[in-house]
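A closer look at the structure
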Amino acid sequence: MNPQQTVSIAAEPYAFAFVPACCALLIVDMQRDFLEPGGFGESLGNDVTLLRRTIAPIQKLLAAWRAHGLQVMHTREGHRPDLMDLPPAKRHRGRGTRLIGDPGPMGRILIRGEPGHEIIPQLGPLPAEPVIDKPGKGAFYATDLHAILQNRSIRQLIVTGVTTEVCVNTTVREANDRGYDCLVPADCVDSYFPEFHAAGLAMIKAQDGIFGWVSHSDKILAALG
Ligand code: C5J
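Residues numbered from 1 in each chain as written. Predicted model: local features only at pLDDT ≥ 70, side-chain atom pairs only at ≥ 80, totals over all residues. Heavy atoms only, no water.

Examining helix H7 (residues 164-177)
For H7, which comprises 14 residues, the first-to-last C-alpha distance of 18 Å matches the rise-based estimate of 20 Å (1.5 Å per residue) to within 8%. Every buried residue belonging to H7 is among Thr164, Cys167, Val168, Asn169, Thr171, Val172, Glu174 and Ala175, and all of these are buried. A positive backbone phi angle near 95° is found at Gly179, which sits one or two residues after H7. (Helix = DSSP H or I, 4+ residues; strand = E, 2+ residues; numbered from the N terminus. Expected span 1.5 Å × (residues − 1). Buried < 20%, exposed > 50% of the residue type's maximum accessible area, 1.4 Å probe, protein only.)

Considering the packing of helix H4 (residues 55-67) against helix H9 (residues 217-224)
With their axes 10 Å apart at the nearest point, H4 and H9 run at an angle of 20° to one another. Comparing their axes, H9 and H4 come out roughly parallel. Remark: the crossing between H4 and H9 carries left-handed chirality. Along the contact surface, H4 presents Pro57, Lys60, Leu61, Ala64 and Trp65, while H9 presents Ser217, Ile220, Leu221 and Leu224. Residue composition of the contact of H4 with H9, grouped by class: seven nonpolar, one polar and one charged. (Axes fitted to C-alpha atoms, helices over the stretch in contact; angles between N-to-C directions. Parallel < 35°, antiparallel > 145°, perpendicular 65-115°, else oblique. Left-handed = near helix turned anticlockwise from the far one by under 90°. Contact = heavy atoms within 4.5 Å. Nonpolar A, V, L, I, M, F, W, Y, C, P; charged D, E, K, R; others polar.)

What to know about the nonpolar core
Among the nonpolar cores identified, the biggest contains 39 residues, and Phe16, Met30, Leu35, Trp65, Ile158, Leu183 and Ile220 are the most heavily contacted of them. Secondary-structure elements contributing two or more residues to this core are strand S1 (7-9), strand S2 (16-18), strand S3 (23-28), helix H1 (32-35), helix H3 (48-52), H4, strand S8 (156-162) and H9. Here this core gets six residues from one element, more than from any other, and that element is H4. Beyond its immediate chain neighbours, meaning those up to four positions away, Leu183 contacts Ile9, Ala11, Phe16, Leu157, Ile158, Val159, Trp213, Val214, Ser215 and Ile220. (Core = buried A, V, L, I, M, F, W, Y, C linked by side-chain atoms within 4.5 Å.)

Put into structure tokens, the structure is as follows:
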């Protein structure tokens, strides 16, 4: 595979053509609190096994992406320990007994530096891979992601991670508005709610790819060779 040459993979609503050297693998919020048994997500009554199905396919895609020397970026959702970047509306909207910043099973919930905020060890970032700490759902809001992508000549993104309908969808929409092409491998994203996962993917590829393309990691791996 020549990373400068366009490759095309089967996708919906039509084939996705990309130049690997100009395409980053973006791994969204694969954090312990969302994915690990005993974390914040499970403590809210969610079934984390649904999200954990993404770990093996993302691992495989990540290994192939790294083996070809292509660019990888990770995101984490979380806030400053002093909560100064946490809008009161976000803190209070859930009305739960545990709010962002409160003590949770893996430290303070969604606070940078706490164990639950860390990326799961199976997908731990390498030192050269940027980790974008984001206070919102979208990876572009209040972060330097766009600048980093521009400086690295990235124009296309393979977006993976959790959850399909929240941080993945928001990030794909933000990327679309900034001129990036996004491909979402359906097996590399998931949700606590299967119906939202399906709807999230349907919305991305609707109307001839209004926000992007949907495919499967097998197709990407086959194209990388
Ligand atoms: C993400 C969330 N990462 N569901 N966060 O989707 O609150």
